[in-house]
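Summary of structural features
The lines below spell out each chain.
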Amino acid sequence: MIYNNEVCKRRKAKFNSIKNHPYFGFVILTLLMLAVQFARVLGVDVPITILRAFGLTMIYIIIALGFSILLGYAGLASLGTAGFVGVGTYIIGYMTNSLGTSIFLILLITIVGAIIIGAIVGFISLRIEGMYLAIITLGLSQILNEVFKNATVFTNGTNGLNLDGIVIFNKLIQINHNAIFVVLAVFMLFIMILTLNIMKSPTGRALLAMRNSESAAQAMGISIFKYRMLAFIVATVYALLGGVFYMSYISFSIPTTWSLAFSLNILAAVIVGGSQSIYGIVLGTFMIFGLNLAVLNQIQFFVDNPAISIVFNGALIIVVIIYYPGGLIRLVNTTVYKLKTKIKLWKKRRKEYIYGSDSE
Amino acid sequence: MVPILSNIKAFLYSRQIKKIQTNLEFNKNYLPIKVNYYEDQLKQKSEFLDLKIKHKLLPYEIKAGVSSEFLKQTYELQLQKIEEKYYWKKRALKQIIKRKNIDEKISLDKLNKDKNNELDDIKRKYYINTPNKGAELFYNNQAKILQDKYGSKITKIDTKYNDLIRSLKMKVENRINNYQTRYEVYKTKLANLNISSKFSLDEGVLLKVDNLSMHFGGLKAVDKLTFEVKKGEVFGLIGPNGAGKTTVFNCITRFYKPTDGHIYFQNKLNEVVHLNDIVVHNVIREGIVRTFQNVEMIWELNILENLLIAAHTTYRSGFFGHLFNSRLLRQEEVVIRKKAEKILRDLDLIQYTYAYPFGLPYGILKKIELARTLMVNPKLIILDEPAAGLNEAETRVLEDTIRKIRKEYDTTIFLVEHDMGLVMNICDTVCAISFGQKLAIGTPKEIQSSKIVQEAYLGGE
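This part takes up the overall build of chain A. When you go through chain A residue by residue, the secondary structure sums to 16 helices and four strands. Reported as C-alpha extents along the three principal axes, the dimensions of chain A are approximately 85 × 60 × 50 Å. Sorting the 360 residues of chain A into buried and exposed places 41% on the buried side. In chain A, 77% of the contacts between residues at least 6 apart in sequence involve partners at least 24 apart.

For chain B, the count of helices and strands is 14 helices and 10 strands. In terms of overall dimensions, chain B is more spread out than a globule: its C-alpha atoms have a radius of gyration of 34 Å, far above the 23 Å expected for 461 residues. Principal-axis analysis of the C-alpha atoms gives chain B an extent of 100 × 65 × 40 Å. Expressed as a percentage of the 461 residues in chain B, the buried residues total 28%. Taking contacts inside chain B between residues at least 6 apart in sequence as the whole, the part at least 24 apart equals 72%.

The next subject is the interface of chain B and chain A. Each partner contributes to the interface: chain B provides 39 residues, whereas chain A provides 28 residues. At the level of secondary structure, the elements contributing two or more residues to the side of chain B that touches chain A comprise α1 (2-64), α2 (69-99), α6 (283-286), α7 (303-310) and α8 (319-323) of chain B. Sorting elements by how many residues they give to the side of chain B that touches chain A places α2(B) first, with nine residues. When the residues that make up the side of chain B that touches chain A are grouped by side-chain class, the tally is 20 nonpolar, 11 polar and eight charged.

Here we take up the domain arrangement of chain A. When the parts of a complex come together, some accessible area is lost, and that lost area is often used as the size of the interface. Domain annotation for chain A reports domain 1 (26-326) and domain 2 (335-360). Distance between the C-alpha centres of domain 1 of chain A and domain 2 of chain A: 45 Å.

Attention now goes to the sheet that holds strand β7 (residues 380-384) of chain B. Residues and elements named next belong to chain B. In spatial order, the strands read β6-β7-β8-β3-β9-β10; together these six strands make up an open sheet with mixed pairing. Each end of this open sheet is capped by a strand with a single partner; those strands are β6 (288-290) and β10 (437-442). Averaged over all pairs of adjacent strands, the angle between strand axes in this sheet comes to 15 degrees, irrespective of strand direction. With three bridges connecting them, β6 and β7 associate as parallel partners. Residue pairing across strands places V289 opposite I381, the latter belonging to β7. Across the sheet, helix α5 (residues 245-252) is in contact with β3 (234-238), β6, β7, β8 (412-416) and β9 (429-434); its angle to β7 comes to roughly 145 degrees.

Below, the discussion takes up the sheet that holds strand β4 (residues 260-266) of chain B. Residues and elements named next belong to chain B. One open sheet holds the four strands; their spatial order is β2-β1-β4-β5, and the pairing between them is antiparallel. Only two strands of the sheet have a single neighbouring strand rather than two, namely β2 (219-230) and β5 (272-274). The sheet shows a mean angle of 20 degrees between the axes of neighbouring strands, direction not considered. As judged from the three bridges shared by β4 and β5, these two strands associate in the antiparallel manner.

What follows covers α7(B). Of all eight residues in α7(B), seven are buried, a share of seventy percent or more. Those residues of α7(B) that sit buried are B:I303, B:E305, B:N306, B:L307, B:L308, B:I309 and B:A310. On its buried side, α7(B) packs onto α9 (202-212) of chain A together with α9 (327-346) and α10 (362-373) of chain B.

The bulk of non-glycine residues show a negative phi, and the bulk of peptide bonds are trans. All names here are of chain B. Despite not being glycine, K224 has its phi angle at roughly 50 degrees, a positive value. Secondary-structure assignment places K224 in strand β2. Even without a glycine there, the phi angle at N325 is positive, about 50 degrees. In this structure, N325 sits in the loop between α8 and α9.

Another point: the environment of B:F235. All names here are of chain B. Structurally, F235 is set in strand β3. F235 gets classed as buried once you count the C-beta atoms within 10 Å, which come to 23. For F235 and C431, which are 196 residues apart along the polypeptide, the C-alpha to C-alpha distance reads 7.7 Å. Those residues in contact with F235 that sit more than four places away from it in its chain are V229, F414, C427 and T429.

Let us look at the confidence of the model for chain B. Per-residue pLDDT for chain B has a mean of 87; in total, 98% of the residues score no lower than 70. Here the complex is predicted with pTM 0.89, and the ipTM for its interfaces comes to 0.87.

Before going further, it helps to spend a moment on α9(B). Residues and elements named next belong to chain B. Here α9 is 20 residues long and its end C-alpha atoms lie 29 Å apart, about the 28 Å a rise of 1.5 Å per residue gives. Three or more residues of α9 are buried, namely L329, E332, V335, I336, K339, A340, I343 and L344. A positive backbone phi angle near 60 degrees is found at D348, which sits one or two residues after α9.

Residue and element names in this part refer to chain B. As judged from the five bridges shared by strand β1 (residues 205-216) and β4, these two strands associate in the antiparallel manner. Within β4, the residue paired with V209 across the bridge is I263. Counting the residues in the hairpin turn of β4 and β5 gives five residues, including N270, whose phi is positive at 65 degrees.

A word on the packing of α7(B) against α9(B). Geometry of a packed helix pair, given as the angle between the helix axes and the separation of the axes. All names here are of chain B. Here α7 crosses α9 at 115 degrees, and the two axes come no closer than 10 Å. Between α7 and α9, the angle falls in the class roughly perpendicular. For the pair α7 and α9, the sense of crossing is right-handed. Here L304, L307 and L308 of α7 come into contact with α9, specifically with I336, R337, A340 and I343. For the contact of α7 with α9, the residue count by class is six nonpolar, no polar and one charged.

So, how was this worked out
Residues numbered from 1 in each chain as written. Chains lettered and ligands numbered in written order. Predicted model: local features only at pLDDT ≥ 70, side-chain atom pairs only at ≥ 80, totals over all residues. Helix = DSSP H or I, 4+ residues; strand = E, 2+ residues; numbered from the N terminus. Buried ≥ 20, exposed ≤ 12 C-beta atoms within 10 Å, placed from the backbone. Contact = placed C-beta atoms within 7 Å. Rg over C-alpha atoms; globule rule 2.2 N^0.38 Å. Nonpolar A, V, L, I, M, F, W, Y, C, P; charged D, E, K, R; others polar. Domains from an automatic or database assignment. Pairing = 2+ DSSP bridges. Axes fitted to C-alpha atoms, helices over the stretch in contact; angles between N-to-C directions. pLDDT = per-residue confidence, 0-100. Expected span 1.5 Å × (residues − 1). Parallel < 35°, antiparallel > 145°, perpendicular 65-115°, else oblique. Left-handed = near helix turned anticlockwise from the far one by under 90°.

Structure below.
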């Protein structure tokens, strides 16, 4: 009897330790994504548009996670995301089509390039803050966009660049969307775990300290220079990797995609979801991009009037920002909390109904 | 050429020594924590296996008529459970009777009958036979078999954990010895360079402000100020509003670059550094920590994490360690968390460990700022108006806390304060300044009776 109780306790503790593990939710999310893909492979009729919507959303989640480190943790506003993602797409596009570089080398080059770009922008950010930084990065993004339009040798200009395939070990392989979806889901899991590690580590705390009070951060030995650079480098690496995945999944990149609207959408996704929570960012990205791609595009009315879907999306953003300034995740958290307290109350009442109150 | 080279060498050596110091501290703190953890695990596992043996022996025990403590416990637990179950059932029944017109007596009788049946079942199950030689032999045999089966497991676990503990101890002690020898080596190397004679302080002096001037345009906030802070004392800097007290602080902690003058400080390695050459975020590494006039909390982190932020310079793991949640980082987090908890307990803040600073009383926030300064074993704590905005009672608590810190953490405290009661109570030396110039320096009594100070505060004539 005593032994059985002990075994039960141990089993429960083990189960709880798995359930409460910080990565548990990420794994579930990834498995859900993979389930959609496998359902299609196994012959269940999942519309290709929905599958594409999920794939794209995962790419946007990766980009938004980098942005959340920048905005939610370091407190730096940037509108240059679109330009950086564009650079990522053209790196893989040009290198595969013209040079036939292996994908692994491309990933390495992308990361190195991202570190260089991030360091440059980070260096700029040391002197400029707030709105001005946003405007400067916006200008940078516009410059990059003009480069995309005019450097036709690398980007094929306004006609857009097609990706021929992916080179793995000197062999050009036709793009298999299903395989890339799986790789993308696993990569998203990886990025989520890394981002959580950053957020919970001394680095994340240092970034938050810097955002809250620069003088306190400096007094505690946190170098503003180092951590601003770091935040920008992380955000840029994520954005460029997102670009590489975008190109390999969609295999088409055109300068008009990488305009201000894209940057603003990423910003909106991070703010609407909740800039400091990974689940919040997943939610926000689904709302800004996924909802449009997966739900609204399925309804005939919105397909006929694409402008209305944008209005609908905008209205949603306004409502969320007015009523839930902490982001959707705050709404979710408060509702969960309220529900839990309600359930507790209900259980208590139920107990009183069945057993009578304790005082009797 | 040669002096430059030796300067570079000295810089590298002192950096190495600082690193070794943090390593040493980490290893010394880490060892007992990990050993404790292993011992806990060992205890839990062996107890569980013991329990398993006892549990498996139960039926044989009953048959053999050997009644052990464990059997009694199990039996009583069973009875207790049934009692509890029927207690609730009875309450539920009473409620039903209240609502519907059911015959009370019949249903209660039925319930009691059920209960007695179940109790009888348990009693039958645990009925201990009269001692029986054959069954006892069988029991002993079984006990032996089980002991063999699980006893070997227990010894295995025992040896495993003991080996782990021993190897860990050896490893860490080796490491500590290694670091200690390296520490000595670097120290002698540094001493052989013979460049520490560059700056010097008198015996027992920790901080020296020499001819410090700070001009904001035409305004002379601090004008040729000179004073010394001795080791282990509580030094107070007082003066009317706008006298330049906070400016002095900001110059010492490098938030401002002084127009003229020098600040010397004897750092953690007992070498004299010229603070003017140090970047603002490296001041803490030399052993100077400060608080702020209006509390500068990190509002988005809880109190424990606020303390961890203060220990930022003591982390040895780098960005990639943080990115991949490396083993070193996890070990460090455990050690530093333990330290933070100890400090919180010392200052009676342990109940706020996981609270967020938003909405806490101002006195508590001030105390948390004090706790934050202790995370890096500072040599000098600089307090910028610790009693500002506190009421009488809170000020008294703060006074006690400052005394306690000075006694237990072996530091020097340098404070700016308007509350004369606090200054006169806790300070050993007080320096009075006005319009950036020194008026008087001495013991609190001397300052109190000084005519110049009285004039500055109350106005002359």
